[in-house]
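# Residue-level structure breakdown
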Amino acid sequence: MSATTDTSATATARRDGYAARDRRTRRTRGVTYVLLGLGLLITTAPFLWMGLSAFKTPQDLSASPPVWIPTDWTLANFSKLFDLLDVPRYFFNSTLVALIVTLCNLLFCSMLGYALAKLNFAGKKVIFGVVMGALMVPGNLMLMPQFVMVSKMNLLDTYAALVLPSAAGAFGVFLMRQFMSAVPDELLEAARVDGAREWYIFWRIVIPQVKPALATLSIFVFLGSWNNFLWPLIATNDVEKYTLPVALATFATDPTKANGSNGVLMAGAFLVVLPVLAVFIVLQRYFTQSIATAGIK
Amino acid sequence: MSGTNSAERPASSGRAAAGTTDTPAESAVTGKAAARPLRKAAGAGTRTTSGGTPLRPDRLSRHNLSGWLYSTPFLAFFVTFMAVPILATLVMSFTDFGLRNVTNPFDAEFVGLENYSELLGDEQFLRALFNTGYFVVLGVPLTIGCGLLAAVLLNSGIERFRTFFRVGFYAPVVTAIVAVAVVWRFVLDPSEGLIAGLAAQVGLTAPDFLASESLAMPSLIAMAVWRNLGTSMVLFLAGLQAIPTEVREAAKLDGAGAFQEFRRITVPLLRPTMLYVTVMTTIGFLNVFEEPFVMTNGGPSDSTLTVSLLMYREGFNFFNMGYASSMAYTLFVIILAVTLLQMRLLKDKTK
């Protein structure tokens, strides 16, 4: 588009062009902010509605037009929720299970990731192929045999039942292998020449190099376990072993309990969502970075 | 496996040890001395190098034991709780596996393809299949479109509030879907809900979304789009940031407008991300379970019954596990086919 000879006429034309472009960018920027703002309104409104409704009185809840800010802030919904549901217990169950699942995945996935990235052994290609193939298989496919196995092992309604099927995920292996492949072989060879044992090399040399990957995996696995619903629903009948989402869903879908108590339900949702949301807002950089890296690699 | 005992040993001494033990062991195996040089030449790349050429250490034998030691913990869980169940579901789908088989799994009777042929005539299953397709066909493009739009807007050179927007758009992704479904049920509630209240303010009556056969599924789709657009946004954002600024600058210098730049630069270079996002979103949407389970329980009159929800009902409410397994595998084959198709369609265009 630009002129090949730089006469004063084209220079003026170009200056005008820049001015026009400037106006245009300012206008597009305005449109951009309006669109983004609208989107933000839609994504956050349900959360605001939930958080505020948890503190509303029945009058405010059924008020028309809707009341955003409670006229009388009340904790009645929470106290009613705690009467009907043993929230601390479910909170404890969810946290414990998510922590154990995360630790198991960190250990097992980084070990296999290390073997696949840095060791050569018979059968390696087969293992890699099978594990990657399993990435494609949806979790719902395995539910019934898993249930039969766990019940045959007499593990229904135990923490073990909640942990075992998700203790070793294929995604973690993929992630760890990718990151460990990037650790230079020279580093490992040097350590071997210096007389380091395999375990030392793994633990003291490779693991510290892949800390970002470990953080990513922790976020993913912890979140996945905390939010997991279908398996805990199947593996637990005893209310004592319910996780928070199962307890909330059972409560919410039971017409005898939740009837007409939207405030109580919002209090429950608030308690399920709040810890994760708070952690997310503090660590948001790592969350979004981790999903991006995991997606691209 | 000469190297097994030296696996945990330092490399230098391991090599020396392998070198000394290898030779007698090999001559003992081969027996004839005349055959040895030939064998050595043939196996030069693999077997004898640990003692011979230090440039190509024999990794294969040296790491055999440790390779398996590092793999075993994962594999133990993986085989027991994933590989075996994947195959077991397939086997179960050819049996009449029922409640009594939970305690006696091997008593189930083989019925061949009966479950599958029954599926074809099962109106409820076909309904569920249709509903799942409806959910995917509307939900996936909307999710990807909204995610892409958000990513492009966030990447268009604005600086203020970027993090703020990103956090806001991504927040629904991290929250438990069960809690979110409960919240949405309330938002859509015909008497106390947010939308009903807002509609009343402008003199309209909002319909009872979840009780309406025609509106229940669109409501679930809206919620799914709302919850999942953050994931595709983040992935697209990463893809966009990977496009070199020089390419954009060059396009601008050549006089490309914003739309042309998007069409000619962004879209082609974003294709790998697009493929990944499309495949992952589609797989997730085909498995939809929690939304209808918590919000509508499949109703009204099966209008939101999805394949996963029907499978759960058949398997765990009625314990028709053989039949439910055939549903699980039918869905799996559909997922596989759709994934392969998408990979083909989206990959071919890059050439």
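Model, not experiment: these values are computed from the prediction.

### Observations regarding the UniProt feature "transmembrane region" (unreviewed entry) in chain B
Residues and elements named next belong to chain B. With numbering matched to this structure, UniProt assigns "transmembrane region" (unreviewed entry) to residues 68-94, 134-155, 167-187, 220-243, 269-289 and 321-341. Structurally, residues 134-155 comprises 95% helix and 0% strand, and the distance from its first C-alpha atom to its last is 32 Å. Between the C-alpha atoms that bound residues 220-243 there is a distance of 35 Å. The span itself is 92% helix and 0% strand.

### With respect to the UniProt feature "transmembrane region" (unreviewed entry) in chain A
Residues and elements named next belong to chain A. Mapped onto this structure's residue numbering, the UniProt feature "transmembrane region" (unreviewed entry) falls at residues 31-52, 90-114, 126-147, 159-180 and 264-283. Across residues 126-147, helical content stands at 68% and strand content at 0%; the span's end C-alpha atoms are separated by 27 Å. The distance separating the terminal C-alpha atoms of residues 264-283 is 29 Å; by composition the span is 100% helix and 0% strand.

### Points about helix α13 (residues 258-269) of chain B
Residues and elements named next belong to chain B. Taking 1.5 Å as the rise per residue, α13 with 12 residues should run 16 Å; its terminal C-alpha atoms sit 15 Å apart, in good agreement. Burial in α13 covers these residues: Glu261, Ile265 and Thr266. The arc enclosing the buried residues of α13, seen along the axis, measures out at 85°, which places them on a common side. Opposite the buried face of α13, at more than 90 degrees from it, the exposed residues are Phe259 and Arg264. Contacts from the buried residues of α13 go to α11 (216-241) and α12 (245-253).

### A word on the domain arrangement of chain A
Residue and element names in this part refer to chain A. On domain assignment, one finds that chain A holds domain 1 (2-53) and domain 2 (84-292). Taken over C-alpha atoms, the centre of domain 1 sits 42 Å from the centre of domain 2. Every contact between the two is made by four residues of domain 1 and, on the other side, six residues of domain 2. In total, about 420 Å² of surface goes out of reach between domain 1 and domain 2, with carbon and sulfur atoms giving 89% of it. Three residues stand out in domain 1 for area buried against domain 2, namely Phe47, Met50 and Ser53, and they jointly supply 87% of the buried area on that side. Counting every contact that joins domain 1 to domain 2 gives zero salt bridges. On the surface where domain 1 and domain 2 come into contact, there are zero residue pairs in polar contact (both at pLDDT 80 or more). Residues of the side of domain 1 that touches domain 2, tallied by class, amount to two nonpolar, two polar and no charged.

Thresholds applied
- Each chain carries its own residue numbering, running from 1 in the written order of its sequence.
- Chains and ligands are labelled by the order in which they are written, letters from A for the one and numbers from 1 for the other.
- This being a predicted model, a pLDDT of at least 70 is required before a residue's local features are given, and a value of 80 or more before pairs of side-chain atoms are given or counted; all residues contribute to the totals for chains, interfaces and linings.
- Processing note: side-chain calculations cover all non-hydrogen atoms of the structure and skip hydrogens and water entirely.
- UniProt positions are given in the numbering used here, feature names are shortened, and annotations may be inferred rather than shown by experiment.
- A helix here means a DSSP run of H or I that spans at least four residues, while a strand means a run of E at least two residues long, and both kinds are numbered starting from the N terminus.
- Every helix has an expected span of 1.5 Å times one less than the residues it contains.
- Working definition: with a 1.4 Å probe on protein chains only, accessible area under 20% of the residue-type maximum means buried, over 50% means exposed, and in between means partly exposed.
- Within this analysis, the arc is defined by the directions that extend from the helix axis to the C-beta atoms.
- Whether two residues are in contact is decided by their heavy atoms, any of which lying within 4.5 Å being enough.
- Annotation comment: domain bounds sourced from an automatic or database domain assignment.
- Throughout, the accessible surface (probe 1.4 Å) given up by two parts as they are put together, summed over both, is called the buried area.
- Salt bridges are defined by distance alone: a side-chain nitrogen of Lys or Arg within 4 Å of a carboxyl oxygen of Asp or Glu.
- Polar contact is the term for a pair of N or O atoms within 3.5 Å; when the atoms are in protein, one must be able to donate a hydrogen and the other to accept it, and sequence-neighboring residues count only if both atoms are side-chain atoms.
- Just so you know the grouping, Ala, Val, Leu, Ile, Met, Phe, Trp, Tyr, Cys and Pro go in nonpolar, Asp, Glu, Lys and Arg go in charged, and all remaining residues, Gly too, go in polar.

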